[in-house]
Amino acid sequence: MSEDKNVKMEESADLNEGRREFLKYVCTSSAAALVVAPESSGAVVEAANSADADVTVAEFFQGHFVLMSDEEKKQAIARLEKRYTAKYAKKTTVSDVAAPDGVLFGYALDMSKCIGCRRCVHACVEENNQSREGSVIQWIQVMKIPKGNISFSADELEKGYPEKSKFGDYGVQVGGNAYHPAGLSTEGAQSYYQDETVPDKDFFYLPVQCQQCEKPPCVKACPVRATFRDHAGVVLIDYNWCIGCRMCQLACPYQARRFNWGEPNLPAEDMNPKTHYFGNRPRMRGVMEKCTFCVQRTREGRSPACLEACPVGARKFGNLLDPESDVRKVLATKRVFRFKEEFGTYPKFFYYIG
Amino acid sequence: MKKAWSFAKDTSLYAVKGGSIFYAWILFLFFFILVGSYTSYRQFTEGLILTGATDQITLEMFFANFVFTAHVAAAAVLVVAPGYFYHRKDMKELAVIGEIVAMVFVATGITFILYHMGRPDRLLHMVPGIGFMNFPNSMLVYDTIVLNVYLYLNLFGVLYILYNKYVGTFDAKHLARWFTPIVYLAIAWGPLIHIVTAFVLASNARMESWATAVLPFGFLSMAGASGPSLIVVIFLLARKYSKLEVTDSVIDLLTTIIAWSLGLLMLVFAAEMFSVLYSSTEHADSLKYNMFGRNGLNMYVPWFWGIIGTLIGCFIALLFPRIRRSYDFWLPIVCFLVFFGVLVEKPMVLVFPAFSPSPLGEYTEYHVTVIEFFNVLFVWAMAFLWLTLIVKGAIGILTGEVRYHKSLSHTVEQS
């Protein structure tokens, strides 16, 4: 993992200092909006001119979004839309559509179909405005896990400690074939594979993202309730309320949470302007983020971006309360398990063997 | 009000005056404060990306050092308790030094947490009324409460004792009826902050090596070793360079505490190592990584064995009366080793290796960056600067060199 760290540090050093300063300037000053203006349309110019330092100050003093009155919410949304429109030079909408009633979102993933192509990862990055360079953020991590067929070898048969005894038990404590994992195990899993082609025949793949636990340890650990579960069962974060203490990251048994270690680097041309307050709106430095089941899509009845991108149809999404939904049908007919169920978090993300 | 003003003035004036060694020490600290101001500015404007932390190892040096400051702050009660619980006359006068150490180290710990936070500007989000406190669920909330209460208890105790001594109204026999309960509360609060800090770590079920019931015991025994080590050094310096009366019996009691805290620590380590290593389940993975490395990643291995060796060596050394009574040479060396050993144990044994394997099976090494390192040194330099100045002012008051004179024009009495 030290490699990953090195990459992060190098890229942060490479980041053009001038460009970073420039972005910061754009974010807080109306004068800078004029610099952006020539590249953008007339409507954007108008919005950009009013995005001044007051916006940032008002944003600084805003309370927890869930606890706001309707009027305050409207103002907060307007402020953000103004700021993002100015910063990314494109008309940005920030929705605060509530979750539909009578819905409990659930996800199911067919691990026998997954080929490890990571199209879901990249679709997620594009949909959810994740940081591209510098501090790279990806909400989905695909584990490449060795199949048992490469775990055992005759060479290892007489290896290990203790050595041959009169009982014939080689290596029952240390070493030998006992030291090779086989099957679904995080031991020996690789998450940073750079294969030309997938799938690799000696491996199977397991994508991991936020499991939207019914008993989320992250929500319990957050000292300010910046992260919470909405009534459709999705764990969300108010990016403007998070204090960056990372207790949630420490509590999460799925390594699903990502921290903005530096200023997120989201190129304006790649920015997805259709956003949700708790979902894919651009984040700031020093706050936590994670998969929200694409709250900006699913609250409007659409499917998450990762599901749409999957070329093999390994992903199913739906309402756990509706017997006709895809995910309920999977639960009814397939062999389903929850990842790391021993942590007692009761995820609403299910893996199955199709 | 006039008295309070002259108390502040006289004590500060006394605190900043000293010999050449004193000034050299202050200058030494100022070097790190100067460099650290720049590195702190960088971190607060560019973010934690300048530290070595990653999504895999999410706690940096700041958090590791915070745990250590909690050790020392909690252990300061070991100087206060003998005077107040056992009525040891030789310790009662010195209790205030213990409270100063507690106060400064809690403040230092809180500073480390500010460095740890991604958004220190949003600190007020945690204040009830303005923000929201996730009580009673979040362990960090408990920790914030107990640390702040401990800070203010000690701040109040120190100011009360020193001020009354300064104006000459302090009578150990007739402490105000409400003051003794406050001291007792502060004594009970010391271990409390530490147990809660241990629970902040132990509450994370996925951190297999922290989710152990011996963690608070390990913390308290390390506190009992590292805190008194610092205080022994302060006392040895104070009686060498000032008129403060510190008898050998005080040093001997503290040395005994250090030795047997280390003894208990050996037991805690042994118990933890046995219970995880015998069955060698996933709970043993990070300990094995720490002890032996894994697939060529072995950065923590020398630190682990070095620290264990140092602490065992210090324990054995303190069993010899000749070393315990070598106040000018061996004892300060052993105390320094214990203090430094426990300090380095925090990142290199407790915190960093615990993150490997990560929940998805990744093994990682933590590489401290220069900026992070100088930020840590900055906080430490500030801590020792305050500690030096406050302890020095307190010594002036305890020895009677700084006293309130109604008739004279509030100057420091040079005696």
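Details of the structure are given in the entry above.
Conventions used here
Residues numbered from 1 in each chain as written. Chains lettered and ligands numbered in written order. Predicted model: local features only at pLDDT ≥ 70, side-chain atom pairs only at ≥ 80, totals over all residues. Pairing = 2+ DSSP bridges. Helix = DSSP H or I, 4+ residues; strand = E, 2+ residues; numbered from the N terminus. Axes fitted to C-alpha atoms, helices over the stretch in contact; angles between N-to-C directions. Contact = placed C-beta atoms within 7 Å. Parallel < 35°, antiparallel > 145°, perpendicular 65-115°, else oblique. Nonpolar A, V, L, I, M, F, W, Y, C, P; charged D, E, K, R; others polar. Core = buried A, V, L, I, M, F, W, Y, C linked by C-beta atoms within 7 Å. Buried ≥ 20, exposed ≤ 12 C-beta atoms within 10 Å, placed from the backbone. Expected span 1.5 Å × (residues − 1). Arc of directions from axis to C-beta.

A. Structural detail: the sheet that holds strand β12 (residues 349–353) of chain A. Residues and elements named next belong to chain A. Overall, mixed pairing links the 4 strands, which are arranged β10-β2-β12-β11 in an open sheet. Of all strands in the sheet, those bounded by a partner on one side alone are β10 (315–319) and β11 (335–337). The average angle at which neighbouring strand axes cross in this sheet is 30°, direction not considered. Here strand β2 (residues 105–110) runs beside β12; their pairing, made up of 4 bridges, is parallel. Across the sheet, the residue bridging to Y107 is F349, located in β12. Sitting on the sheet, helix α12 (residues 326–333) touches β2, β10, β11 and β12, and the angle it makes with β10 is about 110°.

B. Quick peek at the packing of helix α3 (residues 61–75) of chain B against helix α9 (residues 215–241) of chain B. Residues and elements named next belong to chain B. Where α3 contacts α9, the axes come no closer than 7 Å and their chain directions differ by 75°. Classified by the interaxial angle, the pair formed by α3 and α9 is roughly perpendicular. Residue-level inspection shows H71, V72, A74 and A75 of α3 in contact with α9, the latter providing F219, M222, A223, G224, S226, G227, P228 and L230. Class assignment for the residues of the contact of α3 with α9 results in 8 nonpolar, 4 polar and no charged.

C. Highlighting the nonpolar core. Residue and element names in this part refer to chain B. Judged by nonpolar contacts, the single largest core of 200 residues is most densely connected at A73, A76, I97, I100, V101 and A394. With 14 residues, the single largest contributor to this core is helix α6 (residues 95–116). Among residues more than four places away in sequence, those in contact with I97 are V79, I231, I234, V391 and A394.

D. Structural context of the interface of chain A and chain B. If you look at the interface, chain A gives 46 residues, while chain B gives 39 residues. Of all the secondary-structure elements, those providing two or more residues to the side of chain A that touches chain B are α1 (2–14), β3 (141–146), α8 (217–221), α9 (247–251) and β7 (258–259) of chain A. Here the side of chain A that touches chain B takes 5 residues from α1(A), the largest share from any one element.

E. Region of interest: the environment of K329(A). Along the polypeptide, K329(A) turns up in helix α12. Between the C-alpha atom of K329(A) and that of S135(A), which follows or precedes it by 194 residues, the distance is 39 Å.

F. Region of the structure containing the pairing of β3(A). Residue and element names in this part refer to chain A. For β3, the buried fraction is high: 6 of the 6 residues fall into the buried class. Residues Q141, M143 and I145 line one face of β3 and the alternating positions V142, K144 and P146 line the opposite face, and both faces are buried. Note that β3 and strand β4 (residues 203–208) share 6 bridges and pair antiparallel. The residue bridging M143 from the neighbouring strand is L206, located in β4.

G. Inspection of helix α1 (residues 2–15) of chain B at higher detail. Residue and element names in this part refer to chain B. Over its 14 residues, α1 extends 20 Å from the first C-alpha to the last, a length consistent with the 20 Å expected when each residue adds 1.5 Å. Turning to α1, its buried residues number three or more, namely F7, D10, T11 and Y14. The arc that holds every buried residue of α1, seen down its axis, measures 95°, which confines them to one face. Turned more than 90 degrees away from the buried face of α1, the exposed residues are K2 and W5. Buried residues along α1 sit in contact with α7 (139–167) and α15 (370–398).

H. Representation of the environment of H231(A). Note on placement: H231(A) falls in the loop between β5 (227–229) and β6 (235–237). Look at H231(A) and you get exposed, because 12 C-beta atoms sit within 10 Å.

I. Structural context of helix α11 (residues 285–292) of chain B. All names here are of chain B. Those residues of α11 not exposed but buried are D285, S286, L287, Y289 and N290. Against the buried residues of α11 lie α10 (248–277), α12 (301–318) and α14 (330–351). Looking at the residues trailing α11, positive phi occurs at G293, about 75°.

J. Representation of the pairing of β10(A) in the model. Residues and elements named next belong to chain A. Across the 5 residues of β10, 5 count as buried, placing the element largely inside the fold. Of the strand pairs in this sheet, β2 and β10 are connected by 5 bridges, and their pairing is antiparallel. Bridge assignment links L109 to a residue of β10, and that residue is R315.

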